[in-house]
Amino acid sequence: MLHKGIASMAKNFPHPLPSGWFAVAYADELEAGSVRSVTALDRELVVFRTGDGVAHALDAYCPHLGAHLGVGGEVVGDRIRCPFHAWEFDGCGTCVEVPYGHTPPNARVESWETRERNGLVMVWYHPEGEPPSWEVPEIPEATSPDWSDPQRFEWTVRTQPQEIAENVADSAHFRYVHGTLNVPDTETVFDGPLRHSRNPVSLDTPKGKVDGEVVSSAFGLGLVTVRYKGICETLQVGSVTPIDENTVIIRKSFSQQRVDGANPTGGVAAALIRNVLSQLEQDIPIWEAKIYRERPLLTSGDGPIMPFRRWARQFYPAAEADG
Ligand code: FES
Ligand SMILES: [Fe+2]
């Protein structure tokens, strides 16, 4: 019997961290003046919100003697103060105050481009340190009073962002993993760092068949919106953040269109969310155990897996440069 050794294990996860925008917190988890330590993107980060409400993300370890700014660090005005010897850093990571001595030249920690949008605090990651080449989109329903407060769910999964994103292109698995009646007939468009898919669905309801649609848009490998239209208007904002090269955090938040100002409470609204969650829980054990086939053996009924992979290559600049 063959046992999975460490070397073959590593091949399950062949990709480096992809470039893009990645969530590090929900915006409402970060009150003014608060500090959080976050492990993401193979690093320790400190995320804080200044007194005037701006969210910042910095590398966590102080350049002085290495204290973790997220463990006992405090916000002072628009700065964060190290818990060890009280050096103070601004939101750009520059040390602006050493209370008992001179400020050494180059006293700084790495700062991360941060965007607070759609209820998420996101940071830009690029393996070669390039600045953002595209922006986090505004998702109007995510902050609209006409939509319900979000219901949130979170998982830590041993996989990579690309494997999760490939799920949408993998048409056949919907039938065999998720038990849909048909292999969905998905129309997919790749557009720079964006991917848009529409998928007509026919829903059985007590009032008969209703034609609906599932519209999903990916913004890189770290953010996706899925809109369920037709029966109970629902928005899913999904984010995938690598903790390291082998592990991700998946966050999903669902909002539903309010009816006469009230949150939808009907069984259908709840059933839709339950169904999406159970689909994810069907995918997780497959993702955690599978390997990545560089050259998969595909058949005619498979979805646009190779176009998806060609699109995904843009998020690995080193692989792009190799051609
Ligand atoms: S380790 Fe941060 S001030 Fe000394
Ligand atoms: Fe799936």
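Remember, predicted model here, so these are calculated numbers, not experimental data. (Residues numbered from 1 in each chain as written. Chains lettered and ligands numbered in written order. Predicted model: local features only at pLDDT ≥ 70, side-chain atom pairs only at ≥ 80, totals over all residues. Heavy atoms only, no water.)

Caption draft 1: Quick peek at the domain arrangement of the chain. We note that the domain assignment places domain 1 (20-125) and domain 2 (144-319) within the chain. For domain 1 and domain 2, the distance between their C-alpha centroids amounts to 32 Å. The interface of domain 1 with domain 2 comprises 13 residues on the first partner and 15 residues on the second. Carbon and sulfur atoms make up 58% of the area that domain 1 and domain 2 hide from each other, which totals about 1,200 Å². Counting every contact that joins domain 1 to domain 2 gives one salt bridge. With its nearest N and O atoms 3.1 Å apart, the salt bridge here joins aspartate 28 to arginine 152. Applying the counting criterion to the domain 1 and domain 2 interface returns six residue pairs in polar contact (both at pLDDT 80 or more). (Domains from an automatic or database assignment. Contact = heavy atoms within 4.5 Å. Buried area = accessible area lost by both parts, 1.4 Å probe. Salt bridge = Lys/Arg side-chain N within 4 Å of Asp/Glu carboxyl O. Polar contact = N/O pair within 3.5 Å; in protein donor to acceptor, adjacent residues only side chain to side chain.)

Caption draft 2: Highlighting the layout of surface pockets. The computed volume of the second largest pocket comes to approximately 340 Å³. Residue lining of the second largest pocket: 17 residues in total, with Glu163, Glu166, Asp170, Lys290 and Ile305 positioned closest to the centre. Considered class by class, the residues forming the lining of the second largest pocket number seven nonpolar, two polar and eight charged. (1 Å grid on protein atoms, 1.4 Å probe; cavity = no way out; pocket = protein on both sides within 12 Å on 5 of 7 lines; lining within 4 Å. Points joined across faces, edges and corners; volume = space filled by probe spheres on them. Nonpolar A, V, L, I, M, F, W, Y, C, P; charged D, E, K, R; others polar.)

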